[in-house]
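Summary of structural features
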Amino acid sequence: MNENPTPIRVWLKFVTLVVTIVLLSFLVTSLLQGKSEKTQPAAPLLFRDGMTIAEFGKENGLPAKVLKNAFQLQGEEDQQRTLESLNIARREIAERVGKERTLAVEYESKNWVKIPLKFGLWVLFLAGVFVLMRRGKITPGLRRWFYLASAVLFGVILGSDPGPMGTIKDAIVLFGVERVIFPPRMIALTVFLLLVFLANKFICAWGCQVGTLQDLIFRLNRNRNDTAGIMRQYRPPFLWTNTIRIAFFLIFTLAAFAWATDLIEPVDPFKIYKPPAIGIGGGIFIGLILISALFVYRPWCHLFCPFGLVGWLIEKVSWYRIIVNDQTCIGCGSCEKACPSTVMGAILKRDRVIPDCFACGSCIGVCPTMSIQLATGKRGRPPEGKFTTGTPA
């Protein structure tokens, strides 16, 4: 049997992984040079007395579609009307045009070939993992390979955007700053939340390019059986981590609405897949998050991610979830020990709020009686007194 890796080997693997991800992302970003997926601030609108709608559009570089939607034009002849004839205040004109221009820029900034391709691959990838987990075929080694494949495919190759977090983050910022809702983003958010509902946070667990990278890093610091850390790993109380996450979400939302500021943008960990966009402060923060992932399970997801918070609420009604058969469970505590966070203890004992479950399957793999499954149904409460003694906290 192979020996467990040493701390030095853990650090070497960590550095190798992160450097490889960054270098490959640099290479892919340089080769593809796709359209920028970040909108730029629009220039102030120019007005002149007696200006027709057509002249207004030409002076301000506005596409015909923006003019049509902003002024509800019925035909090209309407563009010869003057702005004054509309009996609309300039402030309202600026608001209408601003919203339509923002939507047009959002549409233009997206890669409409890559986005549906990425979503299609997500569905296929998650379906494959789902089938294997239902059959109890996810081994520690296979788990690591799936995480690596997800980070490379959905991050390095297909880029930092779109991603689960961005659908919520960008929606809040866009509405807070411009009072605009971008419909395709809402569709993407709906799809992501539907995936959370169908199978316990599966998009975060196996599809999110930053989530899977953190999970892979965490597993580098685990023994061969993926049941304990090589260097000590910590499981912070969910009350602490979720309190921080809720507070950060509220502050982030307040900043977007009150000060038109995106607090996440400078430190966005998804930028590891778009290295040229990382500043010095962002690089330091992302580095600290990745180093922390060796010792704490998915630190970004548990402490800061807006989608992680919303997904945690949705997973309360997930169709498929981790279920324990209390009739065959012998209360040995193996699943709770192997779980990378505190969630398995809460599922097992039902004595506190259940934290985020990322459906990694560690609990399924170590259960000696095969009493744990990814299945449908309600989680029952264990027989009274079953875990009062002998089970680890």
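An account of the accompanying structure is given in this report. None of the values given here were measured: they were computed from a predicted structure.

Quick notes on the rules
- Residues numbered from 1 in each chain as written.
- Predicted model: local features only at pLDDT ≥ 70, side-chain atom pairs only at ≥ 80, totals over all residues.
- Heavy atoms only, no water.
- Salt bridge = Lys/Arg side-chain N within 4 Å of Asp/Glu carboxyl O.
- Helix = DSSP H or I, 4+ residues; strand = E, 2+ residues; numbered from the N terminus.
- Buried < 20%, exposed > 50% of the residue type's maximum accessible area, 1.4 Å probe, protein only.
- Phe/Tyr/Trp six-rings, centres within 6.5 Å; stacked < 30°, edge-to-face > 60°.
- Lys NZ or Arg CZ within 6 Å of the ring centre and 35° of its normal.
- Arc of directions from axis to C-beta.
- Contact = heavy atoms within 4.5 Å.
- Lys, Arg positive; Asp, Glu negative; His and termini not counted.
- Polar contact = N/O pair within 3.5 Å; in protein donor to acceptor, adjacent residues only side chain to side chain.
- Axes fitted to C-alpha atoms, helices over the stretch in contact; angles between N-to-C directions.
- Parallel < 35°, antiparallel > 145°, perpendicular 65-115°, else oblique.
- Left-handed = near helix turned anticlockwise from the far one by under 90°.
- Nonpolar A, V, L, I, M, F, W, Y, C, P; charged D, E, K, R; others polar.

What follows is about the pattern of salt bridges. Applying the stated criterion to the full structure yields 21 salt bridges. In this structure, Arg96 and Glu92 form a salt bridge, with 3.0 Å as the shortest nitrogen-oxygen distance. Here Arg96 pairs with Glu92, and both are found in helix H4 (residues 90-109), just 4 residues apart, close to one helical turn. Among the residues examined, Arg96 registers a relative accessible area of 28% and is labelled partly exposed. Under the relative-accessibility criterion, Glu92 is labelled partly exposed at 36%. We note a salt bridge from Lys169 to Asp262, for which the minimum N-O separation is 2.7 Å. Here Asp262 lies in the loop between helix H11 (238-259) and helix H12 (280-292) and Lys169 lies in helix H7 (residues 164-178), a separation of 93 residues in the sequence. Neither Lys169 nor Asp262 differs from the other in exposure class; each is buried. A network of salt bridges, in which partner residues are shared, links Arg143, Asp215, Arg219, Arg222, Asp226 and Arg298.

Considering all chains together, one arrives at 26 aromatic pairs under this definition. In this structure, Lys65 packs its charged tip against the face of Tyr107, placed 5.7 Å from the ring centre.

What follows deals with helix H3 (residues 64-71). Listing the buried residues of H3 in full gives Val66, Leu67, Ala70 and Phe71. The arc that holds the buried residues of H3, viewed along the axis, is 100 degrees, so those residues lie on one side. Away from its buried face by more than 90 degrees, H3 exposes Ala64 and Lys65. In this structure, the buried side of H3 is in contact with helix H2 (53-59) and H4. One or two residues past the end of H3 sits Gln72, with phi positive at roughly 55 degrees.

Right, let's get into the side chain of Arg321. Following the sequence through the fold, Arg321 ends up in strand S1 (residues 321-324). As a buried residue without a salt bridge, Arg321 has its nearest oppositely charged side chain in Glu315, at a separation of 7.8 Å. In terms of polar contacts, Arg321 uses its side chain to reach the backbone carbonyl oxygen of Lys316, at 2.9 Å. Those residues within four positions of Arg321 in sequence are excluded, and the remaining contacts are Asn200, Glu315, Lys316, Gln373, Leu374, Ala375, Gly377 and Arg379.

So, about the packing of helix H8 (residues 183-198) against helix H14 (residues 306-314). Running from N to C, H8 and H14 point in directions that differ by 45 degrees, and their axes come no closer than 9 Å. Here H8 lies oblique to H14, going by the angle between them. The handedness of the crossing between H8 and H14 comes out as right-handed. Counted together, Leu189, Phe192, Leu193, Val196 and Phe197 of H8 and Phe307, Val310, Gly311 and Ile314 of H14 form the full contact between these two elements. Taken together, the residues of the contact of H8 with H14 sort by class into 8 nonpolar, 1 polar and no charged.

Turning our eyes to something else, we now look at the side chain of Thr102. Mapping Thr102 onto the fold places it in helix H4. Residue classification places Thr102 among the buried positions, given a relative accessible area of 13%. A polar contact of 2.8 Å, which involves the side chain of Thr102, links it to the backbone oxygen of Gly98. Other than its neighbours up to four places away in sequence, Thr102 contacts Leu174, Glu178 and Val180.

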